[in-house]
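Structure at a glance
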Amino acid sequence: MSDIVKLIGKEEIRKIYDLADIYHSDNIDRVCDDLIEKYHITQGKFDPVSKCKYTIPTHWDIGKVYKRLILGVTEARSMDVVDALIEVFTSFIEEYIEDYNSSFYYENPSYILECYIQMQII
């Protein structure tokens, strides 16, 4: 994810965030395709789906986990939400949330936040 942050940049991420409620009312696949095209995002090598043995959570399911974590980090550290978003998506926790063979993304939001704050799975 850090490559995407570098590619798009903080100010563009802020613009996307500011338009989130508008994007939210549109087709998520089309919004994704438009952003991929606009920012020239290429296909990466990260593939949690092929290794998954169980039901794959939807992008909505994973999005909710990230949303709760980002808002929790924002509150706990009195941070700007975009700074928290970038920090979370470029941290160690992404690997655990997106391991669909584990149940980490189903954990209690306060547990996920505490793991993030302590910078380790507790």
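Read on for a plain summary of the structure.

Criteria and thresholds
- Residues numbered from 1 in each chain as written.
- Predicted model: local features only at pLDDT ≥ 70, side-chain atom pairs only at ≥ 80, totals over all residues.
- Heavy atoms only, no water.
- Helix = DSSP H or I, 4+ residues; strand = E, 2+ residues; numbered from the N terminus.
- Rg over C-alpha atoms; globule rule 2.2 N^0.38 Å.
- Buried < 20%, exposed > 50% of the residue type's maximum accessible area, 1.4 Å probe, protein only.
- Contact = heavy atoms within 4.5 Å.
- Areas by Shrake-Rupley, 256 points an atom, 1.4 Å probe, with all protein chains shown as cover.
- Phe/Tyr/Trp six-rings, centres within 6.5 Å; stacked < 30°, edge-to-face > 60°.
- Salt bridge = Lys/Arg side-chain N within 4 Å of Asp/Glu carboxyl O.

Helices and strands together make up the secondary structure of the protein chain, namely 8 helices and 0 strands. Put simply, the protein chain runs from its N terminus to its C terminus through helices and strands in the order α-α-α-α-α-α-α-α. In terms of C-alpha radius of gyration, the protein chain reaches 15 Å, essentially the compact-globule figure of 14 Å for 122 residues. If you line up the protein chain on its principal axes, its C-alpha atoms span 40 × 40 × 25 Å. A burial count over the protein chain gives 30% of its 122 residues as buried. Partitioning the intrachain contacts of the protein chain with sequence separation of at least 6 by distance along the chain shows that 61% fall at a separation of at least 24. When the accessible surface of the protein chain is summed, it comes to about 8300 Å², and 54% of that surface belongs to carbon and sulfur atoms.

A few words on the packing of aromatic side chains. This model, assessed by the stated rule, comprises 6 aromatic pairs. Measuring from ring centre to ring centre gives 6.1 Å for Tyr96 and Phe104, while their planes differ by 55°; the resulting arrangement is tilted. A relative accessible area of 7% means that Phe104 is categorised as buried. Ring centres 4.4 Å apart and planes at 45° place the aromatic pair Tyr105 and Tyr106 in the tilted group.

This part is about the pattern of salt bridges. Inspection of every chain in the model, using the stated rule, returns 6 salt bridges. Taking the shortest distance from any N to any O, the salt bridge between Asp26 and Arg30 comes out at 2.0 Å. Looking at Arg30, the relative accessible area reads 40%, which means it is partly exposed. The salt bridge involving Arg77 is made with Glu87; its shortest N-O contact spans 2.4 Å. One end of the pair, Arg77, is in the loop between α5 (59-76) and α6 (81-89); the other, Glu87, is in helix α6, with 10 residues separating them in the sequence. Shared partners join several salt bridges into a network, and the residues in it are Asp26, Arg30 and Asp34.

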